[in-house]
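Working through the structure, step by step
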Amino acid sequence: MRALQDRTILLGITGGIAAYKAGYVARGLRKAGANVRVVMTDAATKFVGPVTFEALTENPVGTDADFFHTGGGVSHVEIARASDLIVIAPCTATTLARLANGFADNLLSAVVLASRAPVLLVPSMHTQMWQSHAVQSNLARLDPARFRVMPPEAGDLASGDVGPGRFPEPDDILERAAATLGPRDLEGVTIVVTAGPTREPMDPVRLITNPSTGRMGIEIARAAQVRGARVRLVLGPTEVPPPRPFDAGSMAVSRVTTTDQMLEATRAALPGANALVMAAAPADQRPAAVRPAKSRKRDLPTTLGLEATPDILATLRPALAGLVVMGFAAETDDVEASGRRKLEEKGLDLLFANPVGGDQGFGDRPNEGFLIARDRETQVVMARSKADLADLLLDRLAERLPACGGTTA
Ligand SMILES: Cc1cc2nc3c(=O)[nH]c(=O)nc-3n(C[C@H](O)[C@H](O)[C@H](O)COP(=O)(O)O)c2cc1C
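Residues numbered from 1 in each chain as written. Predicted model: local features only at pLDDT ≥ 70, side-chain atom pairs only at ≥ 80, totals over all residues.

**A short note on the site of the ligand**
With respect to spatial proximity, 15 residues lie near the ligand, and among them T14, G15, G16, A43 and T92 are the closest. Looking at which element gives the most residues to the shell around the ligand, the answer is helix α6 (residues 93–100), with three residues. Its residues placed into classes, the shell around the ligand shows seven nonpolar, eight polar and no charged. (Near = placed C-beta within 6 Å. Helix = DSSP H or I, 4+ residues; strand = E, 2+ residues; numbered from the N terminus. Nonpolar A, V, L, I, M, F, W, Y, C, P; charged D, E, K, R; others polar.)

Here you go:
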């Protein structure tokens, strides 16, 4: 998550039952390259100790003992000035009430008041508390230009009840933190992304497919949403979870199984889109005949009649006028030349060609290859995580999007 790299992030921890999960948030922020400062309320220190966060962040932790300590303790003004972003996770009903009403009666609320940094609140509490008139009116009172609120998840609560109030997954909080910090350079852009394999059945239990996990396309969808795009993700069968939508319309996911279904879902996603990123690995062939029932082993044919599945890009070509189109080429040899041939044959604007086979290409592994553009020199991309690669590819895409100030020339 590039937006978090080298930024100073204040993680405020308040006295909710989810305070122990803030450790995962602190660790994730550090892993993303952020400098993390932690401020804990008095109540938070009853749930977890500051030492945990000192160890995780390698920074001193501010507590309310420091707030009233004038002899060189942690100053709220100094922390406020240093912070690029404030994330309060978990945020209790009490802390929310303080922030909504401009209280500065502990270190955390004083820092928020003394800072101009954007604030991401991650409220977490029992469902009745969350739905109470007091909490909802405090939320409505927050300055929308500065405060972002990540609503709690619905699910099992510590009390044994079920409903909204749960602390979200730490990775989802990191995505929201990155989105809050910006840049939101893809705001106003709609991107269709295809990802994952497809499956072509021979009978109800046997199929033709490939080892794609959909991770590359999922990372592109994730990064695009963080950067402000509205994303329509067409996702083949995979166990890798798609990104969670930030709000209605920021991430629409269509799950498909066969290449025919992927074609139709992509067609349906195109109206109004600015770009199409085809990161899926649809099966190129399917059995010419599908047996309606499972054949017994001894009845299985020794040869399989195949036919080509539809070429999604060629079929949709008439609907792609004005869109920036990016493709992928997974090649075992002659990677760059094969990639450029595919770019030209398919009329793509951009193509990422990468070697596959053995340990390379598929799954949660670093990716490397060649970024080929129709009218520019090929860029050699050294091995990097698929999340980092996603940001790099979106940079090149944005250069071509008129909505981002780019040109489609
Ligand atoms: C066991 C226990 C669990 C609590 N869990 C929550 C919670 O999940 N969310 C919440 O808003 N308050 C929760 N509270 C209440 C807060 O701890 C209390 O309102 C406290 O004053 C919050 O102070 P702070 O916002 O300064 O951290 C809990 C209290 C106890 C004793």
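**Focus on the environment of T309**
Within the secondary structure, T309 is located in the loop between β16 (306–308) and α13 (312–316). Separated by 21 residues in sequence, T309 and A288 place their C-alpha atoms 9.8 Å apart. Look past the residues within four positions of T309 in its chain and what remains in contact with it is E200, T259, P282, A283, D284, Q285 and R286. (Contact = placed C-beta atoms within 7 Å.)

**Some words on the nonpolar core**
Soluble globular proteins tend to pack their nonpolar side chains together in the buried interior. In terms of nonpolar packing, the biggest core is built from 109 residues, with L11 and I220 touching the most fellow members. Looking at this core element by element, the count peaks at seven residues for helix α11 (residues 215–226). Each of domain 1 (2–181) and domain 2 (190–401) accounts for three or more of the residues forming this core. Contacts of L11, omitting those with residues within four sequence positions, involve A22, V25, A26, L29, V36, V38, V87 and A89. (Core = buried A, V, L, I, M, F, W, Y, C linked by C-beta atoms within 7 Å. Buried ≥ 20, exposed ≤ 12 C-beta atoms within 10 Å, placed from the backbone. Domains from an automatic or database assignment.)

**Details of the packing of helix α1 (residues 22–31) against helix α10 (residues 170–181)**
Helix-helix packing is characterised by the crossing angle of the two axes and by the distance between the axes. For the pair α1 and α10, interaxial distance at closest approach is 9 Å and the crossing angle is 50°. Our classification of the angle between α1 and α10 gives oblique. In terms of crossing hand, the pair formed by α1 and α10 is right-handed. Together, Y24, V25, G28 and L29 of α1 and P170, D171, I173 and L174 of α10 make up the contact between the two elements. Here the contact of α1 with α10 is composed, by residue class, of six nonpolar, one polar and one charged. (Axes fitted to C-alpha atoms, helices over the stretch in contact; angles between N-to-C directions. Parallel < 35°, antiparallel > 145°, perpendicular 65-115°, else oblique. Left-handed = near helix turned anticlockwise from the far one by under 90°.)

**Comments concerning the domain arrangement of the protein**
Considered domain by domain, the protein is made up of domain 1 (2–181) and domain 2 (190–401). One C-alpha centre belongs to domain 1, the other to domain 2, and the line joining them spans 38 Å. Its residues placed into classes, the side of domain 1 that touches domain 2 shows three nonpolar, no polar and four charged.

**Some thoughts on α1**
Inspection of α1 places A22, V25, A26, G28 and L29 among the buried residues, and these make up the whole buried set. Buried residues of α1 fall within an arc of 165° about the axis and therefore sit on the same side. As for α1, its buried residues are in contact with β1 (8–13), β2 (35–40), α3 (50–57), β4 (85–91) and α10. G33 occupies a position one or two residues after α1 and carries a positive phi of about 95°. (Arc of directions from axis to C-beta.)

**Notes on unusual backbone geometry**
Along the chain, A89 connects to P90 via a cis peptide bond; the corresponding omega equals 0°. Mapped onto the secondary structure, P90 falls in strand β4. In the segment running from G182 into P183, the intervening peptide bond is cis, with an omega of 5°. Examined against the element boundaries, P183 turns out to sit in the loop between α10 and β9 (190–195). Of note, E58 is a non-glycine position whose phi angle comes to about 60°, a positive value. As for its position among the elements, E58 is in the loop between α3 and β3 (61–62). Exposure remark for E58: the 10 C-beta atoms within 10 Å place this residue in the exposed category.

**Side note on the pairing of β9**
The element β9 is extensively covered by neighbouring structure, given that six of its six residues are classed as buried. Here β9 shows a buried face lined by T190, V192 and T194 and a second buried face lined by I191, V193 and A195. In this structure, β9 lies alongside strand β12 (residues 230–235), joined through six bridges in parallel fashion. Along β12, the bridge assignment pairs T190 with R230. (Pairing = 2+ DSSP bridges.)

**Things to note about the pairing of strand β20 (residues 379–384)**
Taken together, the four bridges between strand β19 (residues 367–373) and β20 define a ladder with antiparallel strand orientation. Its bridge partner being in β20, N367 is matched across the sheet by R384. The turn linking β19 back onto β20 is made up of five residues.

**So, the sheet that holds β19**
With mixed pairing, the eight strands of this open sheet are ordered in space as β13-β12-β9-β14-β17-β18-β19-β20. Taken across any chain shown, the strands that pair with only one partner, and hence form the sheet edges, are β13 (251–255) and β20. Ignoring strand direction, the axes of neighbouring strands in this sheet form an average angle of 15°. Where β12 lies against β13, five bridges are found, and the strand directions are parallel. Paired with L235 across the strands is R255, a residue of β13. Across the sheet, α11 is in contact with β9, β12, β13, β14 (275–278) and β19; its angle to β9 comes to roughly 160°. Relative to the sheet, helix α12 (residues 259–269) contacts β9, β12 and β13, its axis offset from that of β12 by approximately 170°.

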